[in-house]
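Summary of structural features
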Amino acid sequence: MQKTPSPFLIAEVAQAHDGSFDKAIAYIDAVAKTGVQAIKFQTHLAQAESSIYEPFRIKMQTDDKSRYDYWKRMEFSIEEWQKLKEHTEKNGLEFMSSPFSNAAVDLLEKVGVNRYKVGSGEVTNFLLLQKIAQTKKPLILSSGMSSYAELDKTVEFLKSLHVEFSILQCTTSYPTQPENYGLNVIAELKKRYGVQVGFSDHSARIDTGIAAVTLGAELLEFHVKLDNNESNPDASSSLTIDETKQLVKAVQSISTALNTPVDKNDASAFETVKSIFEKSLAVNKSLKAGDKLLFEDLEAKKPKGYGIDASRFQEVLGKSLLKDKHPWEFLTTDDVQL
């Protein structure tokens, strides 16, 4: 069996920093202690990405008059992005950020990223995909809002550009309910496109990520929050830092299990334990020599090896005892002629 690498875990901060550089730093410090491999932000440049006509996804208790104003407040300068990247790498994590405009790609190229993550809303944005393809860097495509018909066109487009890419099963619902996880899609995507497939989670549950990895997700992305007091737009869909640590440990265990198949044809490692837990036949009442053994006369007692194996009980039924037996005594081959 060829071993597969442990899933690549991406902690998504998105806008949880609420436009605060210091809070973004705090997120890096916290996430670095969880055991994930990467931390991901989002790079929004309001003028290039949005307009005053863009509606809010959800109502927020802020002073932002429009979604455009919100994105403007989320912006960091290139110097701040560079510091965030440096701090991320100093803490042993890969720095990632999703661009939402061609201008954001230009910025991230200056900052320096190893790969790009494309959000669900950008799957049909071939202009952005073309821009990313020009960087010659791999990309991760989130499929949350897309049908297979749309994905087919995007995959064909990316392949025509010779782009290395992977796809994440994702459901754009906050928080995602179990009936909408689409865990079945992980295998479907692998079969349909023959690329690396992962799972982007908005459920705010540890078990969702565990299930995704068990079903073959090679990448796992999920939103994080510093604690349950956060009120950012993705807070209800996010794991706390402590929950993230639990998820990392669970995924590591599942990965080890999947890469270490058990041979059920060989139980030799359990011989000692089997001798303790398995049982020998005994009688449950006083019986005389010559009595024929009935099912109702028998019990099975630990340990194995002190009487006839319990698995052989049918062999003694109807057989005559060769000697008297007291209640709860083991039944041996000296007691009955087999």
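Predicted model, so just to flag it, every value in this text is computed and none were measured. (Residues numbered from 1 in each chain as written. Predicted model: local features only at pLDDT ≥ 70, side-chain atom pairs only at ≥ 80, totals over all residues. Heavy atoms only, no water.)

**Considering the overall build of the chain**
The criterion, for reference: A run of H or I in DSSP counts as a helix once it spans at least four residues, and a run of E counts as a strand once it spans at least two, with each numbered from the N terminus. Throughout, the radius of gyration refers to the C-alpha atoms, and the reference size of a globule is 2.2 Å times the residue count to the power 0.38. Only protein chains enter the accessibility calculation, which uses a 1.4 Å probe; a residue is then buried when its area is under 20% of its type maximum, exposed when over 50%, and partly exposed in between. We call two residues contacting when some pair of their heavy atoms lies within 4.5 Å. The positive count covers Lys and Arg only, the negative count covers Asp and Glu only, and His and the chain ends enter neither. Charge positions are represented by NZ for Lys, CZ for Arg, CG for Asp and CD for Glu.
Broken down by element type, the chain carries twelve helices and eleven strands. The C-alpha radius of gyration of the chain comes to 31 Å, more than 25% above the 20 Å expected for a compact globule of 338 residues. Along the three orthogonal principal directions, the C-alpha set of the chain runs to about 100 × 45 × 35 Å. Classification of the 338 residues of the chain by burial places 44% in the buried group. Expressed as a percentage of contacts within the chain between residues at least 6 apart in sequence, the contacts between residues at least 24 apart total 66%. Side chains of the chain give 41 positive and 47 negative charges; the mean places of these two sets differ by 3 Å.

**Concerning the packing of helix 9 (residues 206-214) against helix 10 (residues 241-258)**
Pairs of packed helices are described in terms of their axes, by the angle between the two and the distance that separates them. What counts is decided by this rule: With axes taken as lines fitted to C-alpha atoms, and helix axes fitted only over the stretch in contact, angles between N-to-C directions fall between 0 and 180 degrees. Here the angle decides the label: under 35 degrees means roughly parallel, over 145 means roughly antiparallel, 65 to 115 means roughly perpendicular, and every other value means oblique. Crossing handedness is defined as follows: a turn of the near helix away from the far one that is anticlockwise and smaller than a right angle gives a left-handed crossing, while the clockwise case is right-handed.
Viewed as axis vectors pointing N to C, helix 9 and helix 10 meet at an angle of 20°, and their least axial separation amounts to 9 Å. In terms of their interaxial angle, helix 9 and helix 10 are classed as roughly parallel. Like other packed secondary-structure pairs, helix 9 and helix 10 cross with a definite hand, here right-handed. Across the interface between the two elements, I206, G209, I210, V213 and T214 of helix 9 pack against E243, Q246, L247, A250, V251, I254 and L258 of helix 10.

**Observations concerning the packing of helix 5 (residues 102-111) against helix 6 (residues 126-133)**
Where we set the bar: Three residue categories are used. Nonpolar comprises Ala, Val, Leu, Ile, Met, Phe, Trp, Tyr, Cys and Pro, charged comprises Asp, Glu, Lys and Arg, and polar comprises the others, including Gly.
At a minimum axis separation of 9 Å, helix 5 and helix 6 run at an interaxial angle of 20°. Our classification of the angle between helix 5 and helix 6 gives roughly parallel. Crossing of helix 5 over helix 6 shows right-handed handedness. Contacts between helix 5 and helix 6 involve N102, V105 and D106 from the first element and L127, L128, K131 and I132 from the second. When its residues are assigned to classes, the contact of helix 5 with helix 6 shows four nonpolar, one polar and two charged.

**Section: the packing of aromatic side chains**
Centre-to-centre distance and the angle between the planes together describe a pair of aromatic rings. Here is the rule: Aromatic pairing here means that ring centres of Phe, Tyr or Trp (its six-membered ring) are within 6.5 Å. Orientation follows from the plane angle: under 30 degrees is stacked, over 60 is edge-to-face, and everything else is tilted.
Applying the stated criterion to the full structure yields nine aromatic pairs. Plain terms: the ring middles of F21 and F76 are 6.3 Å apart, the flat faces sit at 85° to each other, and that makes the pair edge-to-face. Pair noted here: F21 is in helix 1 (residues 21-31) and F76 is in the loop between helix 3 (67-74) and helix 4 (78-90), with a separation of 55 residues, a long-range link. Relative to W71, the ring of Y70 lies with its centre 5.2 Å away and its plane at 55°, an arrangement referred to as tilted. In this structure, Y70 and W71 share a single accessibility class: buried. Aromatic rings pair up to connect F21, F41, F76, W81 and F95 into one cluster.

**Things to note about the UniProt feature "domain: AFP-like" (unreviewed entry) in the chain**
Let me state the cut-off plainly: UniProt positions are given in the numbering used here, feature names are shortened, and annotations may be inferred rather than shown by experiment.
Taking the numbering used here, the UniProt-annotated feature "domain: AFP-like" (unreviewed entry) corresponds to residues 280-338. End C-alpha to end C-alpha, residues 280-338 measures 15 Å, and it is 7% helix and 14% strand.

**Remarks on the nonpolar core**
Using the following cut-off: Within this scheme, the nonpolar core is defined by two criteria: the residues are buried Ala, Val, Leu, Ile, Met, Phe, Trp, Tyr or Cys, and they are joined through side-chain atoms within 4.5 Å.
Ranked by internal contacts, the top residues of the largest apolar core, which has 60 residues, are L139, L220 and F222. Looking at which element gives the most residues to this core, the answer is helix 1, with six residues. Core analysis: the next-biggest nonpolar cluster, separate from the first, contains ten residues, L281, L298, V316 and L331 among them.

**Things to note about the side chain of T171**
Turning to its location among the elements, T171 is positioned in the loop between strand 6 (165-170) and helix 8 (184-193). With relative accessibility at 19%, the residue T171 sits in the buried group. Ignoring sequence-local partners within four residues, the contact set of T171 consists of G144, T176, N180, Y181, S200 and H202.

**What to know about unusual backbone geometry**
Omega for the peptide link from Y174 to P175 comes to -15°, which places this bond in the cis form. Along the polypeptide, P175 turns up in the loop between strand 6 and helix 8. A cis amide bond links K302 with the next residue in sequence, P303, at an omega value of 0°. Take P303: it is sitting in the loop between strand 11 (298-301) and helix 12 (313-316). At D18, a position not held by glycine, the phi torsion is positive, near 55°. For D18, the position within the fold is in the loop between strand 1 (8-14) and helix 1.

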